Amino acid sequence: MASLDDLKKRIASVKSTQKITKAMKMVAAAKLRRAQESAEKGRPYSEKMNNVILNLSNGISDKENAPKLLSGTGQEKTHLCVVMTSDRGLCGGFNSNIIKKAKSYFVKILDEGKELKIITVGSKGNDQLKRVYGDKIIENISFKESKNANYFDADKVGKMVIEKFEAGEFDVCTIFYNQFKNVITQIPQAQQIIPLNNEGEENSSEESYEFEPDEDEILSNLLPKNISTQIFKAMLENSASEQGSRMSAMDNATRNAGEMVDKLTIEYNRSRQAAITKELIEIISGAESL
Amino acid sequence: MSEEFKVEIVNPEKCFLVKDDVSEVVVPAFEGEMGILKDHISIISFLKPGIIKVLSKSGDENYYVEDGIVEFKNNNLSILTSTIFNLADMDKSKQQDLLKQAEEEANKTDINDQSKFLADQKVEVLKTLN
């Protein structure tokens, strides 16, 4: 059994860990509120954008000559996966969930004999993926400097993706991120952004629009913007999810530390009492023998 | 019948402006300025750098935008833009900053015609503000 001194030290160390996790939880909770707010505020933009594109693509007469970003290159040989994770750890299963989802997709792609390229956004994803898929990672981006997700960063990623697409480096692009549902649940998502996937969405309106300039021109201008918008949406959802996940992870950690302190305190008190009892017995038996 | 309709200006971060008592909106569409009144036909168009004028009972407002998309449907005007400033909140130094940026962009030699055109537009609009 550990000595009294050791126990005392352990209790102290667990207590200080608990203080840290508690502080992290508070910070995450404060940040979560902001992140959640901006995720919710950002939704109208991407929804509207989607709507406009939907209306446009329905209105397009010549489907054969539609922009490649909408209809795809006609083949599915090379897949580009944009895996979006956080830059910081200690957020529970947040990063691992995305990675798990992404990895199962990678396996599927590779099994089908297709080519795989990966862009990682956020350093944690890169750390986890480079061991197995190191040779597939073509780009690694991280926005450690920017405090909050902003559109400017998303645009940078979007432009890069489009550049690569236009250079014919890939045919299909999928982004991986965590969708924020509530504080304890985040759902890892795989969303295909090139070619645009409108499956399952009903024709929202039969109304015809007037276009100025014509559809093709609008579409070819709009689609790259949509890519950035979708990436931005993913970034917002991700940052809210990260804080939520961190908050619940830290909450658990704080609780576990509390339990541990209780257990250790009991053990400490027991050994202290045992020591006293032992001393008493020694004294009494010593006195009796006289 | 009232001659008012609803306008929503959205940027990626949030709903920038929502108003439902608007009588007219003038947007700098790609092929020229366009005034939108109630019961306009459904339209989708692009914005070039310029000034959006929102005319309503509660007062007129002017916004500077650099790009965007307008969609008008069922008396709902949505404007999606990534860069927007309320002219009332924009002071001289901010304008100068933007102008400087735009001029720098316009003076680049390695950009294509379209971005050159957009940058020139920006410079022009910002100069008229000053």
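Chains are numbered independently. Their residues run from 1 in the order of the written sequence. A letter from A marks each chain and a number from 1 marks each ligand, given out in the order of writing. Totals for whole chains, interfaces and linings use all residues, but because this is a predicted model, local features are given only for residues with pLDDT of at least 70 and pairs of side-chain atoms are given and counted only at 80 or more.

Draft legend 1. Structural view of the overall build of chain A. Across its full length, chain A holds 6 helices and 6 strands. Strands here are runs of E lasting at least two residues and helices are runs of H or I lasting at least four, both read from the DSSP assignment and numbered beginning at the N terminus. For chain A, the sequential pattern of α-helices and β-strands runs α-α-β-α-β-α-β-α-β-β-β-α. Against the globule reference of 19 Å for 290 residues, chain A gives a C-alpha radius of gyration of 28 Å, more extended than a compact globule. In terms of overall dimensions, chain A has a C-alpha envelope of 115 × 40 × 35 Å along the principal axes. Counting every position in chain A, which comprises 290 residues, the buried fraction comes to 33%. As defined in this context, the radius of gyration uses C-alpha atoms, and a globule is described by 2.2 Å times the residue total to the power 0.38. Each residue is classified by how many other C-beta atoms fall within 10 Å of its C-beta atom, where C-beta atoms are placed from the backbone; a count of 20 or more means buried, 12 or fewer means exposed, and values in between mean partly exposed.

Draft legend 2. Quick peek at the nonpolar core. Grouped together as the largest cluster of nonpolar side chains are 79 residues, with contacts concentrated most on A:Val82, A:Val83, A:Met84, A:Cys173 and A:Phe176. No other element matches the 13 residues that helix 6 (residues 215-289) of chain A contributes to this core. By convention in this section, buried Ala, Val, Leu, Ile, Met, Phe, Trp, Tyr and Cys residues joined through C-beta atoms within 7 Å make up a nonpolar core.

Draft legend 3. Fine view of the pairing of strand 1 (residues 78-84) of chain A. Residues and elements named next belong to chain A. Most of strand 1 sits out of view: 6 of its 7 residues are buried. Strands are treated as partners if at least two bridges between them are detected by DSSP. In this structure, strand 1 lies alongside strand 2 (residues 115-121), joined through 7 bridges in parallel fashion. Considered in strand 2, the bridge of Cys81 is made with Ile118. Examined bridge by bridge, strand 1 and strand 4 (residues 172-180) share 5 bridges and lie parallel to one another. Across the sheet, Leu80 pairs through a bridge with Cys173, a residue of strand 4.

Draft legend 4. The domain arrangement of chain B, seen in detail. Residues and elements named next belong to chain B. Segmentation of chain B into domains returns domain 1 (5-86) and domain 2 (91-129). The source of the domain bounds is an automatic or database domain assignment. Here the C-alpha centroids of domain 1 and domain 2 sit 22 Å apart. Working definition of a contact: two residues with C-beta atoms, positioned from the backbone, lying within 7 Å. On the side of domain 2, 4 residues touch domain 1, which itself brings 5 residues to the contact. Under the scheme applied, nonpolar residues are Ala, Val, Leu, Ile, Met, Phe, Trp, Tyr, Cys and Pro; charged residues are Asp, Glu, Lys and Arg; polar residues are all the others, including Gly. Of the residues in the side of domain 1 that touches domain 2, the class split is 2 nonpolar, 1 polar and 2 charged.

Draft legend 5. Quick look at the sheet that holds strand 2 of chain A. All names here are of chain A. Here 5 strands make up an open sheet; going across it, the order is 3-2-1-4-5 and the pairing mixed. Looking at which strands have only one partner, the edges of the open sheet turn out to be strand 3 (137-141) and strand 5 (186-194). Ignoring which end each strand starts from, the neighbouring axes of this sheet average 20° apart. Alignment of strand 2 against strand 3, held across 4 bridges, turns out to be parallel. By the bridge assignment for strand 3, Thr120 is matched with Asn140. Where helices are involved, their axes are fitted lines through C-alpha atoms of the stretch in contact, as for all axes, and angles between N-to-C directions lie from 0 to 180°. In this fold helix 3 (residues 94-111) packs onto strand 1, strand 2, strand 4 and strand 5, with an angle of close to 155° to the strand it touches most, strand 4.

Draft legend 6. Representation of the environment of A:Val157. All names here are of chain A. Here Val157 shows up in helix 5 (residues 151-166). Spatially, the C-alpha atom of Val157 lies 28 Å from that of Ile184, the residues being 27 residues apart in sequence. The contacts of Val157, once residues within four sequence positions are left out, are Val121, Ile141 and Ile231.

Draft legend 7. Up close: helix 2 (residues 113-129) of chain B. The span one expects for a helix is its residue count, reduced by one, times 1.5 Å. Between its terminal C-alpha atoms helix 2 of chain B stretches 25 Å, which fits the 24 Å expected from 17 residues at 1.5 Å a residue. Structurally, helix 2 of chain B contributes buried residues whose contacts are with strand 5 (50-56) and helix 1 (92-106) of chain B.

Draft legend 8. Structural detail: the interface of chain A and chain B. Counting residues at the interface gives 21 residues for chain A and 21 residues for chain B. Looking at the side of chain A that touches chain B, the elements that each hand over two or more residues are helix 1 (4-59), strand 6 (210-212) and helix 6 of chain A. Sort the elements by how many residues they give to the side of chain A that touches chain B and helix 1 of chain A lands first, with 9 residues. Class assignment of the residues belonging to the side of chain A that touches chain B gives a composition of 12 nonpolar, 4 polar and 5 charged. Looking at chain direction, strand 6 of chain A and strand 4 (residues 43-47) of chain B are connected through 3 bridges and run parallel. Within strand 4 of chain B, the residue paired with A:Glu212 across the bridge is B:Ser45.

Draft legend 9. Structural detail: the pairing of strand 4 of chain B. Residues and elements named next belong to chain B. Most of strand 4 sits inside the fold, with 4 of its 5 residues counted as buried. Looking at chain direction, strand 4 and strand 7 (residues 68-73) are connected through 5 bridges and run antiparallel. Looking at the pairing, Ile43 lines up with Phe72 of strand 7.

Draft legend 10. Representation of the environment of A:Ala30 in the model. Residue and element names in this part refer to chain A. Within the secondary structure, Ala30 is located in helix 1. The class of Ala30 is exposed, set by 12 C-beta atoms lying within 10 Å. Distance in space between the C-alpha atoms of Ala30 and Asp214 is 47 Å, their sequence separation being 184 residues.

Draft legend 11. Highlighting the confidence of the model for chain B. A residue's pLDDT is the predictor's confidence in that residue, given on a scale from 0 to 100. In this model, chain B carries a mean pLDDT of 83, and residues with pLDDT of at least 70 account for 98%. Overall fold confidence for the complex sits at a pTM of 0.83, while the interface term, ipTM, reaches 0.75.

Draft legend 12. Representation of helix 3 of chain A within the structure. Residue and element names in this part refer to chain A. Relative to the 26 Å expected for 18 residues at 1.5 Å per residue, helix 3 spans 26 Å between its end C-alpha atoms, a close match to the ideal helical length. Every buried residue of helix 3 is accounted for by Phe94, Asn95, Ile98, Ile99, Ala102 and Phe106. Across the axial projection of helix 3, the buried residues extend over an arc of 95°, all falling on one side. Exposed and facing more than 90 degrees away from the buried side of helix 3 are Ser104, Val107, Lys108 and Asp111. Those residues of helix 3 hidden inside the fold are in contact with strand 1, strand 2, helix 4 (123-133), strand 4, strand 5 and helix 6. Looking one or two residues beyond helix 3, the residue adopting positive phi is Gly113, at roughly 75°. Here the arc refers to the directions that run from the helix axis out to each C-beta atom.

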